[in-house]
Amino acid sequence: MKAVLKALSLFALLAVILFSCSQKPHDPLAGSSREDKNGWIYIHLEGSPHDVGYQHGYLVSKEIDTLIKVFQFYLPHNTKKDWAWYRAAASRFMWNKIDKEYQDELKGLAEGLQAKGMKYDSIDMVVLNANIDLSSYYLPMLENKARPGSGDNKAPGNCSAFIATGKYTKDGKIVMGHNNWTDYIEGERWNVIADIKPAKGNHILMDCAPGFIHSGDDFVISSSGILITETTITQFKGFDTTKTPEFVRARKAAQYANSIDDVIKTMTTDNNGGYANDWLIGDTKTNEVAKLELGMKDFKVWRSKDTAIIGSNFPQDPKLIKEETTFDVNNKTSSPNARKLRMEKLVAIDYKGKLDDATGKTIEGDTYDALDKKQALNRCVVDGHIDLDPMGCPEWNEGPYYPMGAVQGKVTTSDLAGKMQFWAHMGHPSGDDFLAAPYFAKHPEYKWMSPYLRDMKAYPWTLFSGK
């Protein structure tokens, strides 16, 4: 009997050894890919949260490394706080508010970078993803507590966007467009198209900055038929360190929302007030669109199956404006109000009933100044060029000729989104190039940016598809 048991044990041991030898080691890069096209980096990522992060970090390692160095260079200049300060803040009150799924993705990101010889960790990835929350909402909150008013006008002014449906569009279905306004030093690098098929949730296609697990500017389509974009609320004030970071809620909405109500619930639940936005949302299953104006204490929703909704960084709800901003709705010369005037005419009059992907591209590249009633390149046009504006943009605390404006654009429709597709344009959608050398020659006051501020060429519109 002992001999039989010994033989069976030996057989079992050999079976385990043979089975182990036949198993291939896990490849975290399996199924992933990268393609560079017309100024964009298209990446396909798939699998577990860790693998999605690892693939992103590994495939885009050089660009992530450079973008972090950009932030390490210019955040201390603009905010007087160094990277170590931001890391300490992220460790202190952000990491524990991140879902484990996204903690794993952030860890995977860091490990992908480490595999390429770079010494970043998961907290660096949090700072990268939450840099707007930390620099433009948390820090200004601290400044205002120390000296009231000193943290005003720090909320960013990003983007010109619209979403339309019903009689406003050519086919009665949804059309959505967006251009991203940001400082050129980082915005010229905001050039990733991320095609993500996670192990759980919806397939998503979005633009993002290198290393972002959310879109960030935001432009997202999902396999559930949900479309999401936004523009920030100018001169917003407020932040709650005990609540969930915006980038986590935004990614969760993109990945798991199956309806407009799902997006609203995700964004308003445990809301920290960071990156306060007017969210434009569409559901291609119903052709309904909505706007969620989300502050920290206040939010309001407008929705319809027959409307055109615009965003140009202006808040609309009187209660939110009064309680959470210093925004002046009567200042016609401000960038948000001037663009609002122009975009209302474009979507509700000039292109009413004609909105499609072609006219959407035209809108996002528009350079007509509705105040001066002429073509111009300045803070007041849809495709902003603050680098050419002698006023700069006071409502965002940016001086004359500050190198900031529209850095890229995206457009999609219900039919395109149904095929997981959207159009993207790297550089000014108007087709204008920003050239660093002649800019510094005219504006030496910004020469301090020269180590990282480089040319931003305008590429052609390019159609991207999810795999």
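Sequence order as written defines the numbering, with residues in each chain counted from 1. Whole-chain, interface and lining totals are the exception, using all residues; otherwise, since this is a predicted model, local features are given only for residues with pLDDT of at least 70 and side-chain atom pairs are given and counted only at 80 or more. Water and hydrogen atoms were dropped before computing side-chain values, which therefore reflect all heavy atoms in the structure.

**Looking at helix α13 (residues 357–364)**
Regarding α13, the residues found buried are Thr 359, Gly 360, Lys 361, Ile 363 and Glu 364. Among the structural elements, β3 (160–164), β4 (175–183), α12 (335–350), β15 (404–413) and β16 (421–426) are those in contact with the buried residues of α13. A distance of 3.1 Å separates the backbone nitrogen of Ala 358 from a side-chain oxygen at the start of α13, and that oxygen is part of Asp 356. To sort residues, take the accessible area from a 1.4 Å probe on protein chains only and compare it with the maximum for the residue type: under 20% means buried, over 50% means exposed, and anything in between is partly exposed. The helix and strand labels rest on DSSP assignments: H or I over at least four residues marks a helix, E over at least two residues marks a strand, and numbering proceeds from the N terminus. Throughout, a contact is declared for two residues whenever any of their heavy atoms are within 4.5 Å. For this analysis, a polar contact is any N or O atom pair within 3.5 Å, provided that within protein one partner can donate a hydrogen and the other can accept it, and provided that sequence-adjacent residues contribute only side-chain to side-chain pairs.

**Section: the packing of aromatic side chains**
Stacked, tilted and edge-to-face are the three classes applied to pairs of Phe, Tyr and Trp rings, where Trp contributes its six-membered ring and a pair requires centres within 6.5 Å; stacked means planes under 30 degrees apart, edge-to-face means over 60, and tilted covers the rest. Scanning the entire structure with this criterion turns up 20 aromatic pairs. Where Tyr 42 meets Phe 464, the ring centres are 6.3 Å apart and the plane angle is 10°; that geometry is what we call stacked. In this pair, Tyr 42 sits in strand β2 (residues 40–47) while Phe 464 sits in strand β17 (residues 462–465), placing the two residues 422 residues apart along the sequence. Residues Tyr 42 and Phe 464 agree in their burial class; the two are buried. Between the aromatic rings of Tyr 439 and Phe 440, the centroid separation amounts to 5.7 Å while the plane-to-plane angle is 65°, which identifies the pairing as edge-to-face. Under the relative-accessibility criterion, Tyr 439 is labelled buried at 6%.

**Points about unusual backbone geometry**
Look at the link from Asp 217 to Asp 218: it is a cis peptide, with omega at 0°. Following the sequence through the fold, Asp 218 ends up in the loop between β6 (204–208) and β7 (219–222). Although it is not a glycine, Asn 38 adopts a positive phi angle of roughly 50°. With respect to the element layout, Asn 38 can be found in the loop between β1 (33–37) and β2.

**Let's talk about the sheet that holds β16**
Strand order across the open sheet formed by six strands is β12-β3-β4-β15-β16-β17, with antiparallel pairing between neighbours. Lying at the two open borders of the sheet, with one neighbouring strand each, are β12 (308–311) and β17. For this sheet, the mean inter-axis angle between neighbouring strands, taken without regard to orientation, is 20°. Criterion used throughout: strands pair if DSSP finds at least two bridges between them. Pairing geometry for β4 and β15, over nine bridges, is antiparallel. For helices, the fitted axis covers only the stretch in contact; all axes are lines through C-alpha atoms, and the angles between them, taken along N-to-C directions, range from 0 to 180 degrees.

**So, empty space enclosed by the protein**
Only protein atoms enter the 1 Å grid, on which a cavity is a set of points fitting a 1.4 Å probe that cannot get out and a pocket is an open set with protein on both sides within 12 Å along at least 5 of 7 lines, lining residues being those with an atom within 4 Å of a point. Grid points are joined across faces, edges and corners, and a volume is the space filled by probe spheres set on the points. Counted by the stated rule, this structure contains three cavities of 30 Å³ or more. In this structure, the largest cavity encloses a volume near 70 Å³. Going through the elements one at a time, α9 (246–256) and α10 (260–268) are the ones with two or more residues in the lining of the largest cavity. Of all the elements, α9 adds the most residues to the lining of the largest cavity, at four residues. Its residues placed into classes, the lining of the largest cavity shows nine nonpolar, two polar and two charged. Counted as a void, the second largest cavity has a volume near 60 Å³. As for the second largest cavity, its lining consists of Asn 129, Ala 130, Asn 131, Ile 132, Asp 133, Phe 212, His 214, Gly 216, Glu 246, Phe 247 and Tyr 275. Ranked by residue count, the leading element in the lining of the second largest cavity is helix α7 (residues 131–146), at three residues. When its residues are assigned to classes, the lining of the second largest cavity shows five nonpolar, four polar and two charged. Amino acids outside the nonpolar list (Ala, Val, Leu, Ile, Met, Phe, Trp, Tyr, Cys, Pro) and the charged list (Asp, Glu, Lys, Arg) are all regarded as polar, and Gly is one of them.

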